[in-house]
Amino acid sequence: ILLMVHAYLVLWPCCQLVIETLTWGEGDRRLSRDAVPGEFTWFHWLQATASPISEKMLYSPLLNTLITGVISTVLALSAGGVLAWCVVRSNMPGKAWLQPVLTLPYIIPSFAIALAWETVFRSPKVGGQPGLYESILGVAPPEWLSYGTVPISITLAIHYFPFAYLLVAGALATIDSQMEESALISGAGKLTILRKITFPVVAPAFVAAFILTFGKTIGQFALPFLLGAPVQFHTVATMVYANLALGLDSLAFVLAVILIVISLISIWLSNRFIKKKSS
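Residues numbered from 1 in each chain as written. Predicted model: local features only at pLDDT ≥ 70, side-chain atom pairs only at ≥ 80, totals over all residues. Heavy atoms only, no water.

### A short note on the packing of helix α6 (residues 110–121) against helix α9 (residues 149–173)
No. 1: At their nearest, the axes of α6 and α9 sit 10 Å apart, and the two run at 135° to each other. Classified by the interaxial angle, the pair formed by α6 and α9 is oblique. Considering the relative orientation of α6 and α9, their crossing is right-handed. Of the residues in α9, those in contact with Ser-110, Ile-113 and Trp-117 of α6 are Pro-151, Ile-154, Thr-155, Ile-158 and His-159.
No. 2: Here the contact of α6 with α9 is composed, by residue class, of 5 nonpolar, 3 polar and no charged. (Axes fitted to C-alpha atoms, helices over the stretch in contact; angles between N-to-C directions. Helix = DSSP H or I, 4+ residues; strand = E, 2+ residues; numbered from the N terminus. Parallel < 35°, antiparallel > 145°, perpendicular 65-115°, else oblique. Left-handed = near helix turned anticlockwise from the far one by under 90°. Contact = heavy atoms within 4.5 Å. Nonpolar A, V, L, I, M, F, W, Y, C, P; charged D, E, K, R; others polar.)

### Concerning the environment of Thr-65
No. 1: Mapped onto the secondary structure, Thr-65 falls in helix α3 (residues 54–89).
No. 2: Thr-65 sits 118 residues away from Ala-183 along the chain, and the two C-alpha atoms are 43 Å apart.
No. 3: In this structure Thr-65 touches Ile-218, Thr-235, Val-236 and Leu-259, once residues within four positions along its chain are discounted.
No. 4: At 2.7 Å, the side chain of Thr-65 forms a polar contact with the backbone oxygen of Pro-61.
No. 5: A polar side-chain atom of Thr-65 sits 2.9 Å from the main-chain amide nitrogen of Val-236. (Polar contact = N/O pair within 3.5 Å; in protein donor to acceptor, adjacent residues only side chain to side chain.)

### So, the packing of aromatic side chains
No. 1: In the structure shown here, the tally under the stated rule is 11 aromatic pairs.
No. 2: Taking 6.0 Å as the distance between ring centres and 50° as the angle between the ring planes, the aromatic pair formed by Tyr-106 and Tyr-160 counts as tilted. Residue Tyr-106 is found in helix α5 (residues 104–107), and its partner Tyr-160 is found in helix α9; the two are separated by 54 residues along the sequence.
No. 3: Owing to a relative accessible area of 35%, Tyr-106 belongs among the partly exposed residues under this scheme.
No. 4: Taking relative accessible area as the criterion, Tyr-160 reaches 4% and is therefore assigned buried.
No. 5: With a centroid separation of 4.9 Å and 45° between ring planes, the pair formed by Phe-221 and Tyr-241 is classed as tilted. Here Phe-221 is found in the loop between α11 (190–218) and α12 (222–228), whereas its partner Tyr-241 is found in helix α13 (residues 236–245), with 20 residues between them in sequence.
No. 6: We classify Phe-221 as partly exposed; its relative accessible area is 29%.
No. 7: Under the relative-accessibility criterion, Tyr-241 is labelled partly exposed at 44%. (Phe/Tyr/Trp six-rings, centres within 6.5 Å; stacked < 30°, edge-to-face > 60°. Buried < 20%, exposed > 50% of the residue type's maximum accessible area, 1.4 Å probe, protein only.)

### Looking at the nonpolar core
No. 1: Counting residues in hydrophobic clusters, the biggest one holds 17 residues, and the most contacted among them are Met-57, Ile-218, Val-236, Val-240, Leu-255, Ile-258 and Ile-262.
No. 2: When residues of this core are assigned to their parent elements, the largest contribution, 7 residues, is made by helix α14 (residues 249–278).
No. 3: Residue contacts for Val-240: discarding those within four places in its chain leaves Ala-252, Leu-255 and Ala-256.
No. 4: Core analysis: the next-biggest nonpolar cluster, separate from the first, contains 15 residues, Leu-102, Tyr-165, Ala-171 and Ala-205 among them. (Core = buried A, V, L, I, M, F, W, Y, C linked by side-chain atoms within 4.5 Å.)

Here you go:
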């Protein structure tokens, strides 16, 4: 029953998505005189990957997506891993109230985080009331701090680091302290214990956190749109929205399929990493 539900809710929509990219649609008559609704065509894939508009429609947004996705994932894993270590493996005061607080950034809607960043670092080039940065310091913030790669990566990391925190904290809680104590008695240094005992145990959790975070960041729409559109910084997700708004549904579906393929590749690479670690 579960397999049937999975096939109906996931596999069938994915198949429909691919079929739509390989057939002419009703709205494609304005793109080509040869468009016959329902007939097979490579037109949409060629238009997205090998046409004069491919750079702006696919390759530049794809590069932006990968850059912001990787940077935000690394930042999220670093912050989540360090905080998980502090909460689980240290005697830091205030751990009882810190644990629920660290999950709040994911509960808060992503567009709220983007709006909060824009409230602080609003650029005068966009117009409106000056941001908190300009009000306090008396100078406008640099544009790279207001919009583009840096704010998108940081806000995505803030929104998704709870994934890494929860997964790594759970893995750290399962480590048998006797293993570390035995290694310490045997003369192993702290770095050796971390590399030989602690990291192999938490590595699968880090990989799972990477998959979840990276998959979420590359498909995120609100943050890249709010902090990228004012400076024409586009990701694949925002280009999907732009094509749908223009009625170019099949081209939007091509970009959506590419996002799915990227996620599948990351899952495949992570599974290979876990298998190597387990062997």
